[in-house]
Amino acid sequence: MKIYCYRRCSTCKKALAWLEEKGISCEVHDIKEEHPDVDELRCWYKLSGLPLKKFFNTSGMLYREMGLKDKLPSMSEEEQLQILSSDGMLIKRPVVIGDDFVLLGFREAQWEERLLP
């Protein structure tokens, strides 16, 4: 299992502490330094079953600076994937990637349901 996070993000810190507390080990990746490429994002998107717009960090500075709120509705999936792959800070985090699932953001109840036996 992999987790993509940004260590300065308070939500990511909470998520990593939760994983440690529960004894769940993950391969940790810094989403800013090791951001996913288009093919990885496409795979995560399909595996997640979520709308692609959920993958965007809508509270991030870069999202706002780029005016993506207004641009995304008229963009194709491929264009959205290209933008997401251009900078890890555009991606909602943390992202947990398992063999058959993707979790976006840290919602404890959802994580407990998916990650605890």
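Criteria and thresholds
Residues numbered from 1 in each chain as written. Predicted model: local features only at pLDDT ≥ 70, side-chain atom pairs only at ≥ 80, totals over all residues. Heavy atoms only, no water. Patch = residues over 30% accessible without salt bridge, like charges linked within 9 Å, V, L, I, M, F, W, Y side chains within 5 Å. Areas by Shrake-Rupley, 256 points an atom, 1.4 Å probe, with all protein chains shown as cover. Salt bridge = Lys/Arg side-chain N within 4 Å of Asp/Glu carboxyl O. Lys, Arg positive; Asp, Glu negative; His and termini not counted. Charge placed at Lys NZ, Arg CZ, Asp CG, Glu CD. Helix = DSSP H or I, 4+ residues; strand = E, 2+ residues; numbered from the N terminus. Buried < 20%, exposed > 50% of the residue type's maximum accessible area, 1.4 Å probe, protein only. Phe/Tyr/Trp six-rings, centres within 6.5 Å; stacked < 30°, edge-to-face > 60°. Pairing = 2+ DSSP bridges. Right-handed = clockwise from strand over helix to strand, strands pointing away. Axes fitted to C-alpha atoms, helices over the stretch in contact; angles between N-to-C directions. Parallel < 35°, antiparallel > 145°, perpendicular 65-115°, else oblique. Left-handed = near helix turned anticlockwise from the far one by under 90°. Contact = heavy atoms within 4.5 Å. Nonpolar A, V, L, I, M, F, W, Y, C, P; charged D, E, K, R; others polar.

Undergrad: Any details on a positive patch on the surface? Residues and values, ideally.
TA: A contiguous patch of positive charge, built from K53, K54, K92 and R107, is present on the exposed surface. One can find K53 in the loop between α2 (38-48) and α3 (61-65). Here K53 falls in the exposed class, since its relative accessible area comes to 56%.

Undergrad: Summarise the packing of aromatic side chains; cite the residues concerned and give the values.
TA: What the rule picks out here adds up to six aromatic pairs. Ring centres of Y4 and W44 lie 5.0 Å apart, and the angle between their planes is 55°; this geometry places the pair in the tilted category. Placement of the pair is Y4 in strand β1 (residues 2-5) and W44 in helix α2, with a sequence separation of 40 residues. Judged by its relative accessible area of 4%, Y4 falls in the buried class. Residue classification places W44 among the buried residues on the basis of a relative accessible area of 5%.

Undergrad: I'd like a description of the pattern of salt bridges, backed by residues and values.
TA: Close approach of charged atoms allows side chains with opposite charge to pair. In total, this model carries four salt bridges according to the counting rule given. Where R42 meets D39, a salt bridge forms, and the shortest distance between an N and an O atom there is 2.9 Å. Of this pair, R42 and D39 both sit in helix α2, three residues apart, which is roughly one turn of the helix. Here the salt bridges share partners, and the residues they tie into one network are D39, R42 and E78.

Undergrad: For the pairing of β1, give the residues involved together with the corresponding values.
TA: The pairing of β1 with strand β2 (residues 27-30) spans four bridges and is parallel. Following the sheet pairing, C5 is matched in β2 by D30. Crossover connection from β1 via helix α1 (residues 10-22) to parallel β2: handedness right-handed. Inspection of the sheet shows β1 paired to strand β3 (residues 95-97) by three bridges, in the antiparallel sense. Opposite Y4, over in β3, you have V95 as the bridge partner.

Undergrad: Report on the packing of α2 against helix α5 (residues 77-86), specifying residues and quantitative values.
TA: Relative to each other, α2 and α5 sit at 120°, their axes nearing to 9 Å. Between α2 and α5, the angle is such that the two are oblique. In the crossing of α2 with α5, the sense of the turn from one axis to the other is right-handed. Touching V38, L41, R42 and Y45 of α2 are E77, E78, L81, Q82, L84 and S85, all from α5. Split into classes, the residues belonging to the contact of α2 with α5 amount to five nonpolar, two polar and three charged.

Undergrad: Mind laying out the packing of α1 against helix α6 (residues 108-115), listing which residues take part and the relevant values?
TA: What describes two packed helices is the angle between their axes and the distance between those same axes. Where α1 meets α6, the axes come as close as 12 Å, and the angle between the chain directions of the two elements is 40°. In the packing of α1 onto α6, the handedness of the crossing is right-handed. Between α1 and α6, the residues in contact are A15, W18, L19 and K22 and E108, W111, E112 and L115, respectively. For the contact of α1 with α6, the per-class residue count stands at five nonpolar, no polar and three charged.

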